Amino acid sequence: MNIPTRKSFGEVLVELGEENPQVLVLDADISKSTYTSLFANRFPKRFFNVGCAEQNEMAMAAGMSTCGKIPFVSTYAVFASMRACEQIRTFVAYPRLNVKIAVSHGGVTPGSDGVTHQATEDLGIMRTIPNMTIIMPADAVSTKKLVRQAATRTGPVYLRFTRDPVPVIYEDTVKLEIGKANIIREGTDATIIAIGDMVTKAIEASNRLTEKGINVTVIDMHTLKPIDEKSIIDSAKKTRALVTVEDHNIINGLGSAVSEVLIENEPVPMRRIGLRDTFAESGTYEELLTKYHLNVQDIILAVKDVIRRKK
Amino acid sequence: MTNPCNISENKDTVTLSKDIARGLRIEIIKMIYRAGSGHPGGSLSCADIIAVLYFHEMRIDPKEPGWQDRDRFILSKGHACPAWYSALALRGYFPIEALSKLRKLNSPLQGHPDMRKLPGLDMTTGSLGNGLSIGIGMAICGKVDEKDYRVYVILGCGELDEGMIWEAAMCAHKYKLDNLTAIVDYNGLQLDGKTEDIMPLEPLGDKWKAFGWNTIEIDGHNIKDILTAIDKAKSARGCPTVIIAHTVKGKGVSFMENNPDWHGKPLTKAEYEQAMKELTLGDCPCLKGYNEYPDTKIIR
């Protein structure tokens with residue numbers, strides 16, 4: 001079953017609204033797309049649609065959080081991370097305010113909308129801002145679990161969701177924790193660390209590699225920051241070869257974060273899968289992944305390459 | 001030094017506020033002189049408004065800065081923080097001696113206000129155009145929680161160039177935030193020159209009216225005007241109020257008045273002495289303890 005993680009976010013937000021009257025939600029005229037309309041319908045007095053005005057939206061949330069509220073700011077990733085970047089940096093992150101920036105359309109998932117709506121720099125931008133926690137769940141189940149944890153975590157959190165439906169990979173019983181990587185499968189030949197929608201692709205790649213006798217570890221790095229350094233180092237020590245996979249520019253996203261950990265602790269042969277410092281274009285999600293070398297076949301080739309290099 | 005502007009003294013509001021404002025101006029000049037940098041012009045222009053808010057109007061408790069039912073204050077033009085810091089110190093949020101640490105390393109008095117470092121700051125500010133939206137967030141919470149606190153936001157006039165101000169202007173009207181009062185410190189000067197040359201604002205009152213705001217224009221140095229305008233804002237129902245306060249940049253120091261060069265410039269020793277001479281003229285009880293120049297190593 002495939003579900004867009006933005007939809008799971010919208011559903012869990014209603015649950016949170018029922019449980020905690022302090023939860024407020026803001027949207028910038030895209031609530032039908034981000035599924036915050038579900039919250040709006042259930043709690044109209046705690047929902048604020050500010051129109052196409054993301055900077056105002058973000059700063060309002062900062063003000064609300066000083067009054068003890070837990071505001072969820074909903075818009076698209078590309079607008080939150082860039083249009084409202086300074087509001088996030090100076091008025092949310094700097095004063096460590098309890099604002100949850102929950103954004104849809106991460107990576108190239110708004111495929112046919114094209115570059116203006118694709119967020120392929122946002123993780124890097126957010127990662128550079130102190131005090132920020134950054135999360136991209138891999139599927140519907142982990143979205144609900146991680147959004148719930150984000151709501152109870154004090155301080156700024158950036159949550160990134162997909163526009164397109166992605167397969168459900170987790171059972172409801174899965175244990176996930178912000179800041180702790182989830183090891184999905186263990187192998188000794190190489191490690192694949194993926195985030196968000198790319199976790200599914202990493203699993204597919206690992207299945208195909210198994211058929212060829214190559215056993216890899218697959219890690220869901222749902223929390224990009226603070227990154228789970230121990231899991232990265234431990235897995236690098238075990239497999240001695242590593243590939244990162246992200247629906248984002250290869251600059252300053254997951255690949256960069258993992259490289260930074262490795263180079264200071266446990267350098268091993270590594271490859272980064274991601275947009276190779278380019279913008280994408282309009283197309284279906286799958287077409288874009290293939291054209292820009294983010295798809296299963298690219299992961300497989302990268303894994304074989306790092307295994308070859310480790311000697 | 002104890003608070004020279006004792007608010008419990010039996011004085012009428014206008015006299016008291018004038019004394020307080022003078023006290024704030026003295027502290028502003030001392031502070032910026034010691035720091036060797038800062039923004040005197042825009043700090044001096046909003047001193048009367050801040051004096052009225054902090055010593056007469058706002059429901060606040062310096063012993064409990066986080067009191068949930070307090071009135072909120074945001075100095076959106078954060079570079080004028082010497083005025084804010086002075087008011088907080090004189091009001092008893094922290095010892096006046098701390099004012100000497102403005103802009104110094106390890107100081108709670110950052111160059112622009114940091115709410116996590118100093119008690120009494122309801123928000124971090126300094127990047128222009130943001131304070132009104134933040135105030136809206138606070139005012140909405142007042143409505144959601146059915147609390148009767150009020151939210152005051154001081155805006156600079158140059159700051160009105162920021163598009164976000166007008167996003168906020170629309171939004172406050174949408175949510176009928178009659179618990180929100182914006183006060184424009186309309187001194188007519190911004191860093192690079194006159195607002196009418198850099199980015200004309202007029203007809204400013206008509207703009208706010210068109211955005212659905214209860215709009216009041218006053219002389220921002222006339223205490224009675226300020227008091228009356230705030231009362232009118234409090235009695236308005238169903239819409240936010242903006243008080244366009246016509247002010248003089250550098251008010252109170254002759255050579256700074258109406259001169260954009262004093263937007264963000266420190267004082268030389270001679271300038272400092274001249275400014276202090278002008279501000280300490282007369283027999284205001286406020287001046288007790290102010291006659292000595294601060295001990296300082298920064299001499300320009």
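Residues numbered from 1 in each chain as written. Chains lettered and ligands numbered in written order. Predicted model: local features only at pLDDT ≥ 70, side-chain atom pairs only at ≥ 80, totals over all residues. Heavy atoms only, no water.

## Observations regarding the overall build of chain A
Then comes step 1: In terms of regular secondary structure, chain A is built from 13 helices and 14 strands.
Then comes step 2: What you see for chain A is a C-alpha radius of gyration of 19 Å, in line with the 19 Å of a compact globule of 311 residues.
Then comes step 3: The principal-axis extent of the C-alpha atoms belonging to chain A is close to 60 × 35 × 35 Å.
Then comes step 4: Across the 311 residues in chain A, those meeting the buried criterion constitute 64%.
Then comes step 5: Look at the contacts in chain A between residues 6 or more apart in sequence, and 78% of them connect residues 24 or more apart.
Then comes step 6: Summing over all exposed atoms, chain A offers an accessible surface of approximately 11,300 Å²; the carbon and sulfur share of this is 51%.
Then comes step 7: The positive charge centre, built from 38 side chains, and the negative charge centre, built from 37, are 3 Å apart in chain A. (Helix = DSSP H or I, 4+ residues; strand = E, 2+ residues; numbered from the N terminus. Rg over C-alpha atoms; globule rule 2.2 N^0.38 Å. Buried < 20%, exposed > 50% of the residue type's maximum accessible area, 1.4 Å probe, protein only. Contact = heavy atoms within 4.5 Å. Areas by Shrake-Rupley, 256 points an atom, 1.4 Å probe, with all protein chains shown as cover. Lys, Arg positive; Asp, Glu negative; His and termini not counted. Charge placed at Lys NZ, Arg CZ, Asp CG, Glu CD.)

## What about the packing of helix α3 (residues 47-57) of chain B against helix α9 (residues 223-235) of chain B?
Residues and elements named next belong to chain B.
Then comes step 1: Contact geometry of α3 with α9 gives a least axis separation of 10 Å together with a crossing angle of 60°. Compared by their axis directions, α3 and α9 come out oblique. Crossing hand, α3 versus α9: right-handed. For the pair α3 and α9, the contacting residues are D48, I49, V52, L53, H56 and E57 in the first and I223, I226, L227, I230, D231 and K234 in the second.
Then comes step 2: When the residues that make up the contact of α3 with α9 are grouped by side-chain class, the tally is seven nonpolar, one polar and four charged. (Axes fitted to C-alpha atoms, helices over the stretch in contact; angles between N-to-C directions. Parallel < 35°, antiparallel > 145°, perpendicular 65-115°, else oblique. Left-handed = near helix turned anticlockwise from the far one by under 90°. Nonpolar A, V, L, I, M, F, W, Y, C, P; charged D, E, K, R; others polar.)

## Some remarks on the sheet that holds strand β2 (residues 151-156) of chain B
Residues and elements named next belong to chain B.
Then comes step 1: Read across the sheet, five strands follow the order β1-β2-β3-β7-β6 without closing on themselves; strand pairing throughout is parallel. Strand pairing shows two members of the sheet lacking a second neighbour, β1 (72-75) and β6 (214-219), which therefore form its edges. Strand-to-strand twist in this sheet, taken as the mean axis angle between neighbours without regard to direction, amounts to 20°.
Then comes step 2: Alignment of β1 against β2, held across four bridges, turns out to be parallel. Its bridge partner being in β2, L75 is matched across the sheet by I154. (Pairing = 2+ DSSP bridges.)

## A closer look at unusual backbone geometry
Then comes step 1: Following K225 of chain A, the chain continues into P226 of chain A via a peptide bond in cis, with omega recorded as -5°.
Then comes step 2: Relative to the assigned elements, P226 of chain A resides in the loop between β12 (223-225) and α10 (229-239).
Then comes step 3: The step from E202 of chain B to P203 of chain B runs through a cis peptide bond, and the omega angle for that step is 0°.
Then comes step 4: Inspection of the secondary structure assignment puts P203 of chain B in the loop between α7 (195-198) and α8 (204-210).

## Some details on the domain arrangement of chain A
Accessible area lost upon the coming together of the parts is a frequently used measure of interface size.
All names here are of chain A.
Then comes step 1: Per the domain assignment, the segments of chain A are domain 1 (2-167) and domain 2 (182-310).
Then comes step 2: Domain 1 and domain 2 are separated by 25 Å when their C-alpha centres are compared.
Then comes step 3: The partner domain 2 presents 28 residues to the 35 residues of domain 1 that form the contact.
Then comes step 4: Carbon and sulfur atoms make up 58% of the surface buried where domain 1 meets domain 2, a total of about 2,400 Å² over both sides.
Then comes step 5: Put simply, domain 1 and domain 2 have one salt bridge between them.
Then comes step 6: For E260, the salt bridge is made with R127, and the minimal N-O distance between the two is 2.9 Å. (Domains from an automatic or database assignment. Buried area = accessible area lost by both parts, 1.4 Å probe. Salt bridge = Lys/Arg side-chain N within 4 Å of Asp/Glu carboxyl O.)

## Observations concerning helix α1 (residues 13-35) of chain B
Then comes step 1: For α1 of chain B, with 23 residues, the first-to-last C-alpha span of 32 Å sits near the 33 Å given by 1.5 Å per residue.
Then comes step 2: One side-chain oxygen of the residue at the start of α1 of chain B lies 3.1 Å from the amide nitrogen of V14 of chain B, identifying that residue as D12 of chain B. (Expected span 1.5 Å × (residues − 1). Polar contact = N/O pair within 3.5 Å; in protein donor to acceptor, adjacent residues only side chain to side chain.)

## Points about the packing of aromatic side chains
Residue and element names in this part refer to chain B.
Then comes step 1: Taken as a whole, this structure holds 12 aromatic pairs over all chains when the rule is applied.
Then comes step 2: A ring pair is formed by Y54 and F73, whose centres lie 5.3 Å apart and whose planes are at 75°; its orientation type is edge-to-face. Note that Y54 is positioned in helix α3 and F73 in strand β1, a separation of 19 residues in sequence. As far as burial versus exposure is concerned, Y54 and F73 are alike and both buried.
Then comes step 3: An aromatic cluster of at least three residues, connected via ring pairs, comprises W166, W208, F211 and W213. (Phe/Tyr/Trp six-rings, centres within 6.5 Å; stacked < 30°, edge-to-face > 60°.)

## Overview of the nonpolar core
Then comes step 1: I29, I50, Y54, F73, L132, L180 and W208 of chain B are the most contacted members of the largest nonpolar core, which totals 152 residues.
Then comes step 2: No other element matches α1 of chain B, which puts 12 residues into this core.
Then comes step 3: No fewer than three residues from each of domain 1 (2-167) and domain 2 (182-310) of chain A sit in this core.
Then comes step 4: If we skip the residues at most four places from it in the chain, L132 of chain B touches S76, V153, L155, I165, A168, A169, L180, A182, W208 and W213 of chain B. (Core = buried A, V, L, I, M, F, W, Y, C linked by side-chain atoms within 4.5 Å.)

## With respect to the packing of α1 of chain B against α3 of chain B
All names here are of chain B.
Then comes step 1: Put simply, α1 and α3 touch, their axes get as near as 8 Å, and they point 120° apart. One finds that α1 runs oblique with respect to α3. α1 and α3 meet at a crossing whose hand is right-handed. From α1, T13, L16, S17, I20, A21, L24, R25 and I28 reach across to α3, where they touch A47, D48, I50, A51, V52, F55 and H56.
Then comes step 2: When grouped by side-chain class, the residues that make up the contact of α1 with α3 number 10 nonpolar, three polar and two charged.

## Comments concerning the sheet that holds strand β3 (residues 47-49) of chain A
Residue and element names in this part refer to chain A.
Then comes step 1: Reading across from one edge, β3-β2-β4-β5-β7-β6-β12 is the order of the seven strands in this open sheet, with mixed pairing throughout. Edge positions in the sheet fall to β3 and β12, since each of these pairs with one other strand and no more. On average, each strand axis in the sheet is tilted by 20° relative to the strand beside it, whichever way the strands run.
Then comes step 2: Across three bridges, the pairing between strand β6 (residues 133-135) and strand β7 (residues 157-160) is parallel. Note on β7: the bridge partner recorded for T133 is V157.
Then comes step 3: Against the sheet, helix α4 (residues 54-65) contacts β2 (23-27), β3, β4 (70-76) and β5 (100-104), and its axis sits at roughly 170° relative to β4.

## Considering the pattern of salt bridges
Oppositely charged side chains are able to pair whenever their charged atoms sit close together.
Residues and elements named next belong to chain A.
Then comes step 1: Applying the stated criterion across every chain yields a total of 27 salt bridges over all chains.
Then comes step 2: For E281, the salt bridge goes to K291, with nearest N and O atoms at 2.6 Å. A residue pair is termed long-range when its members are at least 10 positions apart, and E281 in the loop between β14 (270-275) and α12 (285-291) and K291 in helix α12 qualify at 10 residues.
Then comes step 3: Three or more residues are tied together by salt bridges with common partners; here these are R271, D305, R308 and R309.

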